[in-house]
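Descriptive structure summary
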Amino acid sequence: MPKRKDLKSILIIGSGPIIIGQACEFDYSGSQALRSLREDGIKTILINSNPATIMTDPSMADHVYLKPLNTRSIIEILKNHPEIDAVLPTMGGQTALNLCIEADEKGIWEDFDVEIIGVDIDAINITEDREKFRELMTKIGVGMAPQATATSFLKGKEIAQEFGFPLVIRASFTLGGAGASIVHDPKDFDRLLSHGLEVSPIHEVMIDKAMMGWKEYELELLRDQNDNVVIICTIENMDPMGIHTGDSITVAPAMTLSDRTFQRMRDMAIHMMRSIGDFAGGCNVQFAVSPDEEEEIIAIEINPRVSRSSALASKATGYPIAKVAAKLAIGYTLDELQNQITQSTSALFEPTLDYVIVKIPRWNFDKFEGSDRTLGLQMKAVGEVMGIGRSFQEALHKATQSLEIKRNGLGADGKGYTDYDTIIHKLKVPSWDRVFVLYDAIQLGIPLKTIHDITKIDMWFLKQYEELHFLEKEISKYTVESIDKSLLLEAKQKGFADRQIAHMLDCYESEVHKKRTNLGINRVYKLVDTCAAEFKAVTPYYYSTFEEEIERPDGTRYVANDSEVTDRKKIVVLGSGPNRIGQGIEFDYCCVHGVLAAAECGYETIMINCNPETVSTDFDTADKLYFEPVFWEHIYDIILHEKPEGVIVQLGGQTALKLAEKLDKYGINIIGTSFKSLDLAEDRGSFSTLLKDNNIPYPRFGVAETADEALDLAEELNFPLLVRPSYVLGGQGMKIVINKEELEAHVVDLLRKIPNNKLLLDHYLDGAIEAEADAICDGDEVKIIGIMEHIEPCGIHSGDSNATLPPFNLGEFVMQQIKDHTQKIALALNTVGLINIQFAVKDDMVYIIEANPRASRTVPFIAKAYGEPYVNFATKVMLGEKKIKDFDFNPHLDGYAIKQPVFSFNKFPNVNKNLGPEMKSTGESILFIDSLKDDDFYNLYSRRKMYLSK
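Quick summary incoming for the structure in this document. Please read all numbers here as calculations on a predicted model, not as lab measurements.

Overview of the pairing of strand β15 (residues 356-362)
Counting buried residues along β15, 7 of its 7 residues qualify, which places the element largely inside the surrounding structure. Of the two faces of β15, the one carrying V356, V358, I360 and R362 and the one carrying I357, K359 and P361 are both buried. Summarising the sheet, strand β12 (residues 250-252) and β15 pair through 3 bridges and their orientation is antiparallel. Looking across to β15, one finds that A252 is bridged to I357. Of the strand pairs in this sheet, β15 and strand β16 (residues 383-389) are connected by 7 bridges, and their pairing is antiparallel. Each bridged residue has a counterpart across the sheet, and for V356 the counterpart in β16 is G389.

Quick look at the structure:
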C-alpha cells in the first residue's frame, strides 16, 4: 500500500539534551526520519531543545522549535501550526515517548485532531507497565523470569521473602535503567527498594528473580502495516545478564547461539511484536538464554520504538532502520521500499553480514570522583565505539583501539595488570576496563574455566582471547628482522596494531609498518553492503582488513580491494571518535557541516570515524565513509590509499587535533590552521610570549614538571592556584588549590596519572567574570561570530557554565577589549578557520585564560541562536575557497540565548556534585528569553555563587 495521502504535515519529537542512557543515537535517528519524510514531500515540524545536534539544524526540518520538551511547548506549536496531521514520537527515545503519553493523557492530541503514528499508546503502556507486559507474555506463551510488581514498600518486602535473593529491582517508566539494581544482600534491599519506588514516575517497581550469568541477546525488528516483519540484526552481549546492555560489550552477528535456538528466538520476537499492538515501525526485543544445553529462552523487555541499539544495528548492517521506520509510519510497506545500499533490491529483506562488529562502551568515571565504577543494571557509559573486522578478534582489537584511553588494543603495551589478587577482584567486580582485564588474566595464566566461573562470559569468547595471547607469545620470540610474512600477516588479520607488534618485537612502530609494507601486507578495504556481496552496492561505506593474496590463472597475485580511488580532488575529515564528557555531539555537528561544505566546493569528501551513534557515520553523509578507529595507523593507511589534498583536523575536537603533529611530521597537508599554530596555542610558555608581545594581559603562571618545582612556583604566584596538565580537553585533571598541602597532593596525583606531563600553574583570579568568544579568521581578517558571558564565576569549566549570548553585564570598555584581543590573537596565531578564546574579567581588565584555534563546544549553539551556518563558512575559509568578505553575515536573535548544561549525576548518587574547573556535564539545552527580567534568567543568576568546588 503506498504512502497515505492524508498526511501532509508531521510533528517529530526529539530527545532533548544528551544524558547517560540517551545519547546522540537519537540525533541520528531523528535526522534520518526528517530526511525520509521530506523526501516524500511531507512538511516537518521538529521540537527539540538540544542546540549541539544536526537534528536541530535549520536545514533538517521545515520548522525547528528549540524549546523545552513539555506539553506547554507542544500546545504552542500546535496552535502555530494547525495544519499538523500527525505526531511521530518514536525517534526521540524515552523522552519523546513519555512526552507523547503525557500529551495524550491531557487530551492534547485529541483537542488538535493530531494522530499518533509509528506506534500506539497502548503498545507503549503495555511495554512500560511491567505487570501488564508480564500478563501479556504469559497469555501468548512467552517465558519470563519469576517476577512481581510492587507499588508499596510493604508489598516489595513480601515479594523478596517469597523469591529469595539475588533479586533485580526495576523501576517502571524510566530510562537507561534508572532506579534498577541487583540485590545480593538482604540488608541492602530496603534502601534499594525505596530508591526504585521513588525514581519511578508512577512509584512502581518490578521485582525479578535475578537470572545472573544467563546470556543476553537483542533483536532489531521492523514491521509494516501489512504485518510483514523483518529482523534487521541479532546482537549478542559478550557480558552476561546483570550488566545493562548500554554498558555491555556487544557483538553482531550472534556468535554462540545454535541455529535451532536462534530460529525459536526469531519466532518469539515476531510473536511478541505482533501481540503488543497493531503499528508500523521499529521494535527492539531483549532476551536471556540459559548457558546450558537446554538454551531456554526468556523475554526481558520490548521497546516499541527506535532504540539505542537501532543506531548500532543500522551501522552494523548498513540498513537505515530509522529512515525505513519513518516511511512505514506514513503508510509504505517494506516491499515497496528500496534497499538504500544496493538501490536495486527491496527493503523487505534481512541483511547478511560477511564481517563481525564489536561495540564497546566508553565511560568517564574519572569525571565523577568517588563514583561507584561497578557495572550493573543502571547504564553509566557516556558513549560507544564500534569496530568492524573479518573476525571477532580483528573487530575487538579495532574497537579497543577506538576508545582513546591510551591503549593500543588488547595487551602488548605494558599497561596491563600483573597482580593476581587485583585481576581476580576486577573479574568479580566488572568495571570499565573489563575488556582488558580478561586478557591480563589469560596472560597471567589464570585458567579459562576460572575466568568463566567468575564472569560467566561464554567460553567461545574466552578462547578467542586465549588465541590472541598465544599469538603474542609466538611473535615475541622474533625480531623485526626475523619475523616471517605468514606470522606478521596473521597478527594483522587478528587486529594487532603496528605499535603492539613493535612492543612484542622490541622495535619502533615505523619499523613494523615498513617491514609489512615491504612484504606486501597492506590494508584492503571492504564494503558494508547488507548482502554479503550478493548484489552490487552503490554506497561507499568501508572497513579495513588484511587478506591473503589470490593468484590469477596467469600466475600474477593480487589482494581484492573494494575501495576504488577516483581522480577527483579529495578532502579527509577526521571525526571525533566516541562521545565523552568534554567532547560530545557538538563536534560531530561540526564534522558533518565540514563534509557538506567541502562537497559544495567540489571536493570528494572522505569521513573517518568510529562512533556508531552519529550522523557523521551515516552511509550517505560523505562521498566515502571509512568506519575505522581515529587511530594513527588506520588514518595513515587510508591517506596513503586515497592521497587527499589534505586533512581537516579542527572540527573533530581534541581527538582529531591530537593527530595533527603526526600528520605534520609525515608531510600530510593540514587544511586551515597549521600544526605549528595549533601547537603554539597549546604550549603555554610560547603562547604567553605571544600575548606579552601583543600587550595582552594574562594571569601570572608558571610551568612545573615535579612537585618541588610546583611548590617553588607557588611562592612566586600566590594562592589560590589553578593547576592543570597540558594538552587536555574538558578540564581533565584541573583543580583550584588554596594551600601547599593541597598543591603537593594534586601534583603528585596528576604526575602519577599522566607521567612526563608539564603542569601549568595559574594564579586564579578569584571572583572574576568569565566570558568567551568564537571567531572565524581567514589569515587577514577576523569575524567574531559570538561573545558569551558566563553566569557562573570564573573557575567553573566553560562546558558546565550557563553561557549567555550576547553578554548581559559587560560594559563597552570590556567588550572592546574582548574584540581587540580576539582580533590580535587570531591573527598572531595565523588562524585559518575557527578559533575560541576564553577570558576572565576582573576590575574591568580582560585577561586571557586560553585560546583554541579549532571548532569549540559553543559553535553549534551560536549557529542555532543566530541562525547562521558558521561551520560552513569556516570550512570554505579553511579550504581557501572563500575569504570573510565573501560572506553575507546576517545574525538574528531577539533577546538572549542561554546555553544550559545538563548533568547526569543521578547515575552517581554518592558523587560530589559541586562544579569546578573539570567539566562534568553530559549535554546541553538552549533557552531563549526575551529580557533579563525573565524568571528563568533570574533563577539561574541567583544561583551563580553556589559553592565552587576547589
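With respect to the sheet that holds strand β6 (residues 147-150)
Note: strands within a sheet are paired through backbone hydrogen bonds, in either parallel or antiparallel orientation. An order of β6-β9-β7-β8 is seen for the 4 strands of this open sheet, with the pairing classed as antiparallel. Edge positions in the sheet fall to β6 and β8 (181-183), since each of these pairs with one other strand and no more. On average, adjacent strands in this sheet sit at an angle of 25 degrees to one another, irrespective of strand direction. Here strand β7 (residues 167-171) pairs with β8 via 3 bridges, running antiparallel. Across the sheet, I169 pairs through a bridge with S181, a residue of β8. Its contacts with the sheet put helix α7 (residues 153-163) on β6, β7 and β9 (205-209), and the angle it makes with β6 is roughly 165 degrees.

Digging into the pairing of strand β14 (residues 297-303)
Burial runs high along β14: 7 of the 7 residues are buried. Both strand β13 (residues 281-289) and β14 contribute to a ladder of 6 bridges, which runs antiparallel. Residue pairing in the sheet places N284 in a bridge with N303 of β14.

With respect to the packing of helix α6 (residues 130-140) against helix α9 (residues 259-276)
The interhelical angle for the contact between α6 and α9, taken along N-to-C directions, is 120 degrees, at an axis separation of 11 Å. Taken together, the axes of α6 and α9 are oblique relative to one another. Handedness of the crossing formed by α6 with α9: right-handed. Across the interface between the two elements, F133, L136, M137 and I140 of α6 pack against H271, M272, S275 and I276 of α9.

Here we look at the nonpolar core
Membership of the largest hydrophobic core comes to 172 residues, with the highest contact counts inside it found for Y319, L574 and V649. Filtering out sequence-adjacent residues up to four positions away, V649 remains in contact with L574, A656, L657, A660, L663, I670 and L678. In terms of nonpolar packing, the next biggest core, distinct from the first, is built from 53 residues, F133, M144, V285 and I297 among them.

Considering a negative patch on the surface
Together, E705, D708, E709, D712, E741, E742 and E744 make up a region of like negative charge exposed at the surface. At the level of secondary structure, the elements contributing two or more residues to the negative patch comprise α26 (707-717) and α27 (740-753).

Details of the packing of aromatic side chains
Throughout the structure, instances matching the rule amount to 21 aromatic pairs. Note on W632 and Y666: the rings are 5.0 Å apart at their centroids and 45 degrees apart in plane angle, and the pair reads as tilted. Taken together, the residues span a long stretch of sequence, with W632 in helix α21 (residues 632-642) and Y666 in the loop between α23 (660-665) and α24 (675-682) at a distance of 34 residues. The exposure class assigned to W632 is buried, which follows from its relative accessible area of 4%. Residue Y666 is classed as partly exposed on the basis of its relative accessible area of 33%. One cation-aromatic arrangement involves R552 over Y558; the distance from NZ or CZ to the ring centre is 4.1 Å. Just above the ring of F889 sits the side chain of K783; from NZ or CZ to the centre is 4.9 Å.

Focus: helix α15 (residues 448-455)
Among all positions of α15, only L448, I451 and T455 are buried. Buried positions in α15, seen along its axis, are confined to an arc of 65 degrees and lie on one side of it. Next to the buried residues of α15 lie α13 (420-428), α14 (434-444) and α16 (459-475). Just downstream of α15, K456 is the residue with a positive phi angle, here 65 degrees.

What to know about the environment of E586
As for its placement among the helices and strands, E586 is situated in helix α20 (residues 585-600). Note on E586: relative accessible area 6%, which makes it buried. The sequence separation of E586 and A52 amounts to 534 residues, and the corresponding C-alpha distance is 4.6 Å. Once you skip the residues sitting within four places of it in the chain, E586 turns out to touch A52, R857 and P860. In this structure the side chain of E586 is engaged in a polar contact, spanning 3.0 Å, whose partner is the backbone nitrogen of G584.

Focus on the pattern of salt bridges
If you walk through the whole model with that rule in mind, you get 51 salt bridges. Note that E642 is salt-bridged to K624, the shortest N-O span being 2.6 Å. Here E642 is found in helix α21, whereas its partner K624 is found in strand β23 (residues 624-627), with 18 residues between them in sequence. Through salt bridges that share partners, R35, E39, D40, K323, K327, D618 and D620 make up one connected network.

Looking at the environment of F546
Turning to its location among the elements, F546 is positioned in the loop between β18 (541-545) and β19 (550-551). Taking relative accessible area as the criterion, F546 reaches 4% and is therefore assigned buried. When the C-alpha positions of F546 and F165 are compared, they lie 49 Å apart, and in sequence the two are 381 residues distant.

A short note on the side chain of T617
Its location among the elements puts T617 in the loop between β22 (604-609) and β23. A distance of 3.1 Å separates polar atoms of two side chains, one belonging to T617 and the other to T614. Excluding residues within four positions of it along the chain, T617 makes contact with K315, N609, C610, N611, P612, L625 and F627.

About the criteria used
- Residues numbered from 1 in each chain as written.
- Predicted model: local features only at pLDDT ≥ 70, side-chain atom pairs only at ≥ 80, totals over all residues.
- Heavy atoms only, no water.
- Buried < 20%, exposed > 50% of the residue type's maximum accessible area, 1.4 Å probe, protein only.
- Helix = DSSP H or I, 4+ residues; strand = E, 2+ residues; numbered from the N terminus.
- Pairing = 2+ DSSP bridges.
- Axes fitted to C-alpha atoms, helices over the stretch in contact; angles between N-to-C directions.
- Contact = heavy atoms within 4.5 Å.
- Parallel < 35°, antiparallel > 145°, perpendicular 65-115°, else oblique.
- Left-handed = near helix turned anticlockwise from the far one by under 90°.
- Core = buried A, V, L, I, M, F, W, Y, C linked by side-chain atoms within 4.5 Å.
- Patch = residues over 30% accessible without salt bridge, like charges linked within 9 Å, V, L, I, M, F, W, Y side chains within 5 Å.
- Areas by Shrake-Rupley, 256 points an atom, 1.4 Å probe, with all protein chains shown as cover.
- Salt bridge = Lys/Arg side-chain N within 4 Å of Asp/Glu carboxyl O.
- Lys, Arg positive; Asp, Glu negative; His and termini not counted.
- Charge placed at Lys NZ, Arg CZ, Asp CG, Glu CD.
- Phe/Tyr/Trp six-rings, centres within 6.5 Å; stacked < 30°, edge-to-face > 60°.
- Lys NZ or Arg CZ within 6 Å of the ring centre and 35° of its normal.
- Arc of directions from axis to C-beta.
- Polar contact = N/O pair within 3.5 Å; in protein donor to acceptor, adjacent residues only side chain to side chain.

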